[in-house]
Amino acid sequence: MTSSTFRADAVSARILRWWRCRPWSVSPLMRWPDRLLSAVRLVAAVVVVSSIPIALALGTGTYTDDAARIRADNAEAVSAEAVISDRPEFTQSQGWRAKARWEGSAGQVQDIVAVPRTASQGDRITVWLDGAGHATEAPRPPFVAVMNGIGVAVVVLVGSGLSMWFLVVLGDLFVDYRRGVGWDREWSAMRRPTQDDR
């Protein structure tokens, strides 16, 4: 016999053991706490498996919405070359910002925009403008939508998996407690003195 044979036997024995521990088993050796734990494990497995298509659907929906929003934003955004007209200043909430001026459709425009940390007065930078000609953030690359969709799917899967794992752990602790109480009760009954011992 080879090691693969032993592995196949171990897998088949484990599957058979799981089948014998099903909640609706007719075995009289299976107590109600064991049935409860088996039912909890079965529910946890069903929930985790069911969360896979849900996670995929939510991830796909998030990707579709973000991709459409990014395409719309990128279609409206145009770039312009601006000159920093003031010394950049740093704020905790917005980072490095400075006044800059550029040529717009209605003439010269001046506004406060985000600038690189190494920028200084008089430097030329690229600013992005929205449909109304106001300064806006740089267009987001398309892979952001992909990462957001993957992130949502992973959060749903990990959340369902961890919650079901926590439920199974609580079930294990409860069943272990009940077994301990039952064994203590049976051990105490065995240690009681009988008529012959007196």
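Structure: see above.
Residues numbered from 1 in each chain as written. Predicted model: local features only at pLDDT ≥ 70, side-chain atom pairs only at ≥ 80, totals over all residues. Heavy atoms only, no water.

(A) Spotlight on the overall build of the protein. Broken down by element type, the protein carries three helices and six strands. Considering only residue pairs separated by 6 or more positions, the protein has 53% of its internal contacts joining residues 24 or more positions apart. Accessible area for the protein stands at about 14,600 Å²; split by element, carbon and sulfur atoms hold 61% of it. (Helix = DSSP H or I, 4+ residues; strand = E, 2+ residues; numbered from the N terminus. Contact = heavy atoms within 4.5 Å. Areas by Shrake-Rupley, 256 points an atom, 1.4 Å probe, with all protein chains shown as cover.)

(B) Structural view of helix H3 (residues 143–191). Across its 49 residues, H3 extends 70 Å between first and last C-alpha, which sits within 8% of the 72 Å expected from 1.5 Å per residue. When we look at burial in H3, the residues that qualify are Val-144, Ala-145, Gly-149, Ala-153, Ser-160, Met-164, Val-168, Gly-171, Val-175 and Gly-182. (Expected span 1.5 Å × (residues − 1). Buried < 20%, exposed > 50% of the residue type's maximum accessible area, 1.4 Å probe, protein only.)

(C) Summary view of the packing of aromatic side chains. All told, the structure shown has one aromatic pair when counted by the stated rule. Relative to Trp-96, the ring of Phe-90 has its centre 5.4 Å away and its plane inclined at 50 degrees; by these criteria the two rings are tilted. Look at Phe-90 and you get partly exposed, because its relative accessible area is 45%. (Phe/Tyr/Trp six-rings, centres within 6.5 Å; stacked < 30°, edge-to-face > 60°.)

(D) Representation of the pattern of salt bridges within the structure. Under the definition given, this model contains three salt bridges. A salt bridge links Arg-41 to Asp-172; its shortest N-O distance comes to 3.0 Å. Of this pair, Arg-41 sits in helix H2 (residues 32–76) while Asp-172 sits in helix H3; the two residues are 131 residues apart in sequence, bridging distant segments of the chain. Taking the relative accessible area as the measure of exposure, Arg-41 reaches 44% and is therefore partly exposed. Among the residues examined, Asp-172 registers a relative accessible area of 24% and is labelled partly exposed. Among the ionic pairs, Arg-124 bridges to Glu-81, the shortest N-O distance being 3.3 Å. Of this pair, Arg-124 sits in strand S5 (residues 124–129) while Glu-81 sits in strand S1 (residues 78–84), placing them 43 residues apart in sequence. The exposure class assigned to Arg-124 is exposed, which follows from its relative accessible area of 58%. Since its relative accessible area comes to 54%, Glu-81 is described here as exposed. (Salt bridge = Lys/Arg side-chain N within 4 Å of Asp/Glu carboxyl O.)

(E) Structural context of the environment of Ala-67. As for its placement among the helices and strands, Ala-67 is situated in helix H2. Sequence separation between Ala-67 and Arg-140 is 73 residues; the distance between their C-alpha atoms is 9.8 Å.

(F) Fine view of the side chain of Ser-51. Within the secondary structure, Ser-51 is located in helix H2. In contact with Ser-51, other than residues within four places in its own chain, are Val-156, Leu-157 and Ser-160.

(G) Geometry of the nonpolar core. By size, the foremost hydrophobic cluster in this structure holds 12 residues: Ala-80, Ala-82, Ile-84, Ala-98, Ala-100, Trp-102, Val-113, Val-115, Ala-119, Ile-125, Val-127 and Leu-129. Counting residues per element, the ones that place at least two in this core are S1, strand S3 (95–104) and S5. Residues in contact with Ala-98, not counting those within four places in the same chain, are Ile-84, Asp-86, Arg-87, Pro-88, Asp-111, Ile-112, Val-113 and Val-115. (Core = buried A, V, L, I, M, F, W, Y, C linked by side-chain atoms within 4.5 Å.)

(H) Representation of the environment of Leu-157 in the model. Residue position: Leu-157 is located in helix H3. Owing to a relative accessible area of 36%, Leu-157 belongs among the partly exposed residues under this scheme. Remark: the alpha-carbon pair of Leu-157 and Leu-56, spanning 101 residues in sequence, is separated by 9.2 Å. With residues near it in sequence (within four places) discarded, Leu-157 still touches Ser-51, Ile-52 and Ala-55.

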